[in-house]
Amino acid sequence: MASFVSTDCFLPALKSQLGFLNHDAQDHSSGSISVSRLHKAPKSPFLLSSRALDVKPQVQSTGRSSFSQTAAVKHLTGSVTRTEGLRFAVVVARFNEIITRPLLEGALGTFKNYSVQDEDIDVVWVPGCFEIGAVATRLGKSGKYHAIICIGAVIRGDTTHYDAVANSAASGVLSAGLNSGVPCIFGVLTCEDMDQAINRAGGKSGNKGAEAALTAIEMASLFEHHLK
Ligand SMILES: Nc1c(NC[C@H](O)[C@H](O)[C@H](O)CO)[nH]c(=O)[nH]c1=O
Ligand SMILES: CC(=O)[C@@H](O)COP(=O)(O)O
């Protein structure tokens, strides 16, 4: 049976507060989850009420937190080094191609660096980000791909059209993944100006297309190697 992963990494203050009282210290008055109930309750510090944190800590005889990681815990993670046989689609918007093409090149370069075969990659061009969702859904439902990257660049103009396009693109990609069951990766820049976009398409902020490809590989591996 899995138990709680150690809090060492992110809750040192809480960990130092926590002692492990014997069962007669339960606090039934406030209905809060006292520390001692953690022995029965899911071992998550997030269930602690503030009153439980007032509990005076006792040093556990073992000196170990009950939030210790156990060998029984199974961790599933996609591997970026297991790309053999994984197939990808890249949906890329032609609008702002001066940005989307370097994003695409960043993605293809990452696939190459991680040994994804050219024959296992299909690139589909659409007019703009608004069209990405429908195409990603169709590709996902085709059953041909292990993950789909969606690449675009929405750059604010003079009107509120930006908000419509950006929000539609995000919800379209999200819906495509949820409706098709195939990981759809959001590689769409939403920028206030062209400089921001250039910086994220191979400039000083990196290449978001390359990042999206790495995410796609990990997610494709997670689904293919662990979640079937
Ligand atoms: N302004 C941007 C657009 N606009 C076009 C839409 O995406 C869509 O193609 C049109 O509304 C027809 O349905 N697209 C982008 O990708 N980026 C923009 O900045
Ligand atoms: C994101 C957009 O739709 C934008 O580029 C359109 O520009 P404008 O708002 O000036 O029409």
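Residues numbered from 1 in each chain as written. Chains lettered and ligands numbered in written order. Predicted model: local features only at pLDDT ≥ 70, side-chain atom pairs only at ≥ 80, totals over all residues. Heavy atoms only, no water.

Asks: Where do I start with the overall build of the chain in this structure?
Replies: For the chain, the count of helices and strands is seven helices and six strands. In sequence order, the chain lays out its α and β elements as α-α-β-α-β-α-β-α-β-α-β-β-α. Here the chain holds 228 residues, and 43% of them are scored as buried. Of the contacts made within the chain by residues no fewer than 6 positions apart, 74% connect residues no fewer than 24 positions apart. Taken as a whole, the chain presents about 12,500 Å² of accessible surface, with 54% of it coming from carbon and sulfur. (Helix = DSSP H or I, 4+ residues; strand = E, 2+ residues; numbered from the N terminus. Buried < 20%, exposed > 50% of the residue type's maximum accessible area, 1.4 Å probe, protein only. Contact = heavy atoms within 4.5 Å. Areas by Shrake-Rupley, 256 points an atom, 1.4 Å probe, with all protein chains shown as cover.)

Asks: Hey, could you run me through the confidence of the model for the chain in this one?
Replies: Reading predicted coordinates in detail is not appropriate for stretches of low pLDDT. Considering every residue of the chain, the mean pLDDT works out to 81; 70% of them sit at 70 or more. The low-confidence segment residues 1–50, where pLDDT is below 50, has 89 contacts with residues more than four positions distant or belonging to other chains. This model gives residues 57–62 a pLDDT under 50, and the stretch forms 10 contacts once residues within four places in sequence are excluded. Note on the complex model: pTM 0.75, ipTM 0.98. (pLDDT = per-residue confidence, 0-100.)

Asks: Looking at this model, I keep getting lost on the sheet that holds strand 1 (residues 88–93). Mind explaining?
Replies: Adjacent strands of a sheet pair through backbone hydrogen bonds, lying either parallel or antiparallel. Sheet architecture is open: four strands sit in the order 2-1-3-4, paired in parallel fashion. Looking at strand neighbours, the two that pair on one side only are strand 2 (121–126) and strand 4 (184–191), the edges of this open sheet. Pairwise comparison of adjacent strand axes, ignoring direction, gives a mean angle of 15° for this sheet. Each of strand 1, strand 2, strand 3 (147–155) and strand 4 touches helix 3 (residues 97–113); the most contacted strand, strand 3, lies at about 155° to it. (Pairing = 2+ DSSP bridges. Axes fitted to C-alpha atoms, helices over the stretch in contact; angles between N-to-C directions.)

Asks: Mind showing me how you'd approach the nonpolar core here?
Replies: Soluble globular proteins tend to pack their nonpolar side chains together in the buried interior. Of all hydrophobic cores here, the largest spans 25 residues; its most connected members are Phe88, Val90, Ile99, Phe111, Ile149, Ile151 and Leu189. Listed by contribution, the elements that provide at least two residues to this core are strand 1, helix 3, strand 3, strand 4 and helix 7 (208–226). Look past the residues within four positions of Val90 in its chain and what remains in contact with it is Leu104, Phe111, Ile121, Asp122, Val123, Val124, Ile149 and Ile151. Counting residues in each nonpolar core, the second largest holds 21 residues, with Ala136, Cys150, Tyr162 and Cys184 among its members. (Core = buried A, V, L, I, M, F, W, Y, C linked by side-chain atoms within 4.5 Å.)

Asks: Explain the site of ligand 2 here, please?
Replies: The immediate surroundings of ligand 2 are formed by Val154, Ile155, Gly157, Asp158, Thr159, His161 and Tyr162. Here Ile155 contributes a backbone N or O atom positioned 3.2 Å from an oxygen atom of ligand 2. Between an oxygen atom of ligand 2 and a side-chain N or O atom of Thr159, the distance comes to 2.5 Å. Relative to its unbound accessible surface of 330 Å², ligand 2 loses 72% to contact with the protein. Secondary-structure elements contributing two or more residues to the shell around ligand 2 are strand 3 and helix 5 (161–180). Here the residues of the shell around ligand 2 are counted per class, giving three nonpolar, three polar and one charged. (Near = heavy atom within 4 Å. Polar contact = N/O pair within 3.5 Å; in protein donor to acceptor, adjacent residues only side chain to side chain. Nonpolar A, V, L, I, M, F, W, Y, C, P; charged D, E, K, R; others polar.)

Asks: Before we go on, may I ask you to explain the packing of helix 3 against helix 7 in this structure?
Replies: A packed helix pair is summarised by two numbers, namely the angle formed by the two axes and the spacing between the axes. Put simply, helix 3 and helix 7 touch, their axes get as near as 6 Å, and they point 40° apart. Viewed along their axes, helix 3 and helix 7 adopt a mutual orientation that is oblique. Both helix 3 and helix 7 take part in a crossing whose hand is right-handed. Residue-level inspection shows Leu103, Gly106, Ala107, Thr110 and Phe111 of helix 3 in contact with helix 7, the latter providing Lys208, Gly209, Ala210, Ala213, Leu214 and Ile217. Of the residues assigned to the contact of helix 3 with helix 7, the class counts are seven nonpolar, three polar and one charged. (Parallel < 35°, antiparallel > 145°, perpendicular 65-115°, else oblique. Left-handed = near helix turned anticlockwise from the far one by under 90°.)

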